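Geometric and topological summary
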Amino acid sequence: PPSVSVSVRDTASRASLSVFVRKRPLLDEELRRGGFDVVSTCGEEETARASLVAHEPKVTVDLSRAMENHTYKFDGVYGESATNQQVFDSAVRPMVEHLFASRGHGTCFAYGQTGSGKTMTMEGLGSGEGDNSAGIYSLVADDLFR
(Lines give C-alpha, C1' and ligand atoms only; values in the text may rest on other atoms or scores of the structure.)
Protein backbone atom coordinates (compact mmCIF):
# COMPACT_ATOMS: atom_id res chain seq x y z
CA PRO A 1 0.00 0.00 0.00
CA PRO A 2 1.12 3.59 -0.53
CA SER A 3 2.67 5.34 2.44
CA VAL A 4 0.44 7.76 4.28
CA SER A 5 1.81 11.07 5.47
CA VAL A 6 -0.19 12.45 8.37
CA SER A 7 0.64 14.70 11.26
CA VAL A 8 -0.79 12.75 14.14
CA ARG A 9 -0.14 15.64 16.55
CA ASP A 10 -2.26 18.01 14.40
CA THR A 11 -5.04 15.47 14.04
CA ALA A 12 -5.21 14.76 17.76
CA SER A 13 -5.27 18.43 18.76
CA ARG A 14 -8.06 19.43 16.32
CA ALA A 15 -10.49 16.54 16.55
CA SER A 16 -13.30 16.13 19.04
CA LEU A 17 -12.83 12.38 18.81
CA SER A 18 -9.62 10.64 17.82
CA VAL A 19 -9.14 6.89 17.42
CA PHE A 20 -5.71 5.29 17.68
CA VAL A 21 -4.85 1.62 17.26
CA ARG A 22 -1.85 -0.22 18.67
CA LYS A 23 -0.90 -3.62 17.31
CA ARG A 24 0.81 -6.10 19.59
CA PRO A 25 3.14 -8.83 18.35
CA LEU A 26 2.03 -12.44 18.30
CA LEU A 27 2.75 -14.26 21.54
CA ASP A 28 5.08 -17.27 21.57
CA GLU A 29 2.14 -19.56 22.35
CA GLU A 30 0.21 -18.21 19.37
CA LEU A 31 3.17 -18.89 17.10
CA ARG A 32 3.60 -22.43 18.50
CA ARG A 33 -0.05 -23.16 17.68
CA GLY A 34 0.50 -22.04 14.08
CA GLY A 35 -1.07 -18.63 14.44
CA PHE A 36 -0.31 -15.88 11.97
CA ASP A 37 -0.72 -12.12 11.88
CA VAL A 38 -4.14 -11.04 10.69
CA VAL A 39 -3.29 -7.33 10.94
CA SER A 40 -0.53 -5.38 9.20
CA THR A 41 0.36 -1.78 9.80
CA CYS A 42 1.23 0.41 6.82
CA GLY A 43 4.37 2.52 6.64
CA GLU A 44 7.40 3.02 8.83
CA GLU A 45 7.40 0.85 11.96
CA GLU A 46 8.76 3.59 14.25
CA THR A 47 6.24 6.27 13.31
CA ALA A 48 2.51 6.62 13.71
CA ARG A 49 0.59 5.68 10.60
CA ALA A 50 -3.03 6.25 9.68
CA SER A 51 -4.15 2.86 8.35
CA LEU A 52 -3.93 -0.85 8.90
CA VAL A 53 -4.84 -3.90 6.85
CA ALA A 54 -6.87 -6.75 8.30
CA HIS A 55 -6.26 -10.08 6.55
CA GLU A 56 -9.29 -12.35 6.41
CA PRO A 57 -8.59 -15.98 5.51
CA LYS A 58 -11.25 -17.41 3.22
CA VAL A 59 -12.06 -20.75 1.62
CA THR A 60 -13.45 -20.30 -1.89
CA VAL A 61 -16.19 -22.32 -3.56
CA ASP A 62 -13.59 -24.68 -5.09
CA LEU A 63 -12.15 -25.18 -1.55
CA SER A 64 -8.94 -23.32 -2.33
CA ARG A 65 -7.60 -20.90 0.26
CA ALA A 66 -7.60 -17.16 -0.29
CA MET A 67 -6.90 -14.04 1.72
CA GLU A 68 -9.19 -11.03 1.60
CA ASN A 69 -7.59 -7.78 2.75
CA HIS A 70 -9.51 -4.89 4.29
CA THR A 71 -7.91 -1.47 4.86
CA TYR A 72 -9.09 0.67 7.77
CA LYS A 73 -8.08 4.27 8.45
CA PHE A 74 -7.60 5.77 11.91
CA ASP A 75 -6.11 8.93 13.38
CA GLY A 76 -3.01 6.90 14.20
CA VAL A 77 -1.84 3.29 14.02
CA TYR A 78 1.14 2.03 16.02
CA GLY A 79 3.05 -1.08 15.07
CA GLU A 80 4.55 -3.78 17.28
CA SER A 81 7.73 -1.86 18.04
CA ALA A 82 6.02 1.38 19.11
CA THR A 83 6.73 2.35 22.71
CA ASN A 84 4.34 3.73 25.31
CA GLN A 85 6.31 7.00 25.10
CA GLN A 86 5.67 7.23 21.35
CA VAL A 87 1.96 6.57 21.85
CA PHE A 88 1.83 9.20 24.60
CA ASP A 89 3.76 11.81 22.61
CA SER A 90 1.56 11.67 19.52
CA ALA A 91 -1.85 10.52 20.81
CA VAL A 92 -2.25 11.62 24.43
CA ARG A 93 -0.01 14.66 25.03
CA PRO A 94 -1.87 16.81 22.43
CA MET A 95 -5.15 16.04 24.19
CA VAL A 96 -3.73 16.94 27.61
CA GLU A 97 -2.31 20.20 26.25
CA HIS A 98 -5.67 21.02 24.65
CA LEU A 99 -7.53 20.33 27.90
CA PHE A 100 -5.42 22.79 29.84
CA ALA A 101 -5.43 25.42 27.10
CA SER A 102 -9.23 25.31 26.66
CA ARG A 103 -10.30 24.26 30.16
CA GLY A 104 -12.13 21.43 28.42
CA HIS A 105 -12.88 17.81 29.15
CA GLY A 106 -11.32 14.65 27.78
CA THR A 107 -11.17 10.91 28.12
CA CYS A 108 -8.54 8.41 27.12
CA PHE A 109 -9.56 4.77 27.34
CA ALA A 110 -8.22 1.48 26.09
CA TYR A 111 -10.56 -0.99 24.46
CA GLY A 112 -9.79 -4.47 23.21
CA GLN A 113 -9.91 -8.19 23.68
CA THR A 114 -8.39 -9.84 26.75
CA GLY A 115 -4.65 -10.11 26.23
CA SER A 116 -4.51 -7.40 23.58
CA GLY A 117 -2.14 -5.11 25.52
CA LYS A 118 -4.42 -2.57 27.21
CA THR A 119 -2.83 -2.90 30.65
CA MET A 120 0.70 -2.80 29.25
CA THR A 121 -0.12 0.41 27.40
CA MET A 122 -1.99 2.17 30.20
CA GLU A 123 0.02 0.96 33.24
CA GLY A 124 3.35 -0.04 31.73
CA LEU A 125 5.49 -3.04 32.63
CA GLY A 126 7.20 -1.59 35.72
CA SER A 127 10.75 -0.54 36.42
CA GLY A 128 13.54 -2.21 34.52
CA GLU A 129 11.31 -3.23 31.61
CA GLY A 130 12.86 -0.97 28.97
CA ASP A 131 10.90 1.41 26.77
CA ASN A 132 7.51 0.32 28.09
CA SER A 133 8.27 0.51 31.81
CA ALA A 134 6.03 3.58 32.20
CA GLY A 135 2.45 3.50 31.02
CA ILE A 136 0.19 6.27 29.77
CA TYR A 137 -1.07 7.00 33.32
CA SER A 138 2.39 7.76 34.69
CA LEU A 139 3.50 9.55 31.52
CA VAL A 140 0.53 11.92 31.84
CA ALA A 141 1.28 12.48 35.55
CA ASP A 142 4.96 13.14 34.81
CA ASP A 143 4.00 15.60 32.07
CA LEU A 144 1.50 17.44 34.28
CA PHE A 145 3.78 17.82 37.28
CA ARG A 146 7.14 18.56 35.69
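See the structure shown above.
One numbering rule holds for all chains: residues counted from 1, following each sequence as written. For a predicted model such as this one, the threshold for reporting local features is a pLDDT of at least 70, and the threshold for listing and counting side-chain atom pairs is 80 or more; totals across whole chains, interfaces and linings nevertheless cover every residue. To obtain the side-chain values, all non-hydrogen atoms of the structure were used and water was disregarded.

A closer look at the pattern of salt bridges
Note on definitions: salt bridges are taken to be side-chain nitrogens of Lys or Arg within 4 Å of carboxyl oxygens of Asp or Glu. Counted under the stated rule, the structure contains 10 salt bridges. For the salt bridge of R32 with E29, the shortest nitrogen-to-oxygen distance reads 3.1 Å. Separated by three residues within a single helix, R32 and E29 lie in helix α2 (residues 28-32), roughly one turn from each other. Throughout this description, buried means an accessible area under 20% of the type-specific maximum (1.4 Å probe, protein chains only), exposed means over 50%, and partly exposed covers the range between. Among the residues examined, E29 registers a relative accessible area of 38% and is labelled partly exposed. The salt bridge partner of R146 is D143, with a shortest N-O separation of 2.7 Å. Note on R146: relative accessible area 75%, which makes it exposed. Salt bridges linked by common partners bring D89, R93, D143 and R146 together as one network. Per the convention used, a helix needs a DSSP run of H or I reaching at least four residues, while a strand needs a run of E reaching at least two, with both numbered from the N terminus.

Comments concerning helix α3 (residues 84-102)
Taking 1.5 Å of rise per residue, the 19 residues of α3 would be expected to cover 27 Å, and the 26 Å separating its terminal C-alpha atoms lies within 8% of that figure. We define the bend at each residue as the angle formed by axes fitted to the 7 residues ending at it and the 7 residues starting at it. The largest bend in α3 amounts to roughly 45° and is located at V92, with the proline P94 lying one to four residues further along. Looking at α3, one finds that the buried residues are N84, V87, F88, S90, A91, V92, R93, P94, V96 and L99. Downstream of α3 by one or two residues, R103 has phi in the positive range, about 55°. By this rule the span expected of a helix is its residue count minus one, scaled by 1.5 Å.

Regarding unusual backbone geometry
Within the chain, L63 stands out as a residue other than glycine whose phi angle is a positive 70°. Looking at where L63 falls in the secondary structure, it is placed in the loop between β3 (49-59) and β4 (65-78). The phi angle at R103 is positive, at roughly 55°, despite the residue not being glycine. Mapped onto the secondary structure, R103 falls in the loop between α3 and α4 (118-123).

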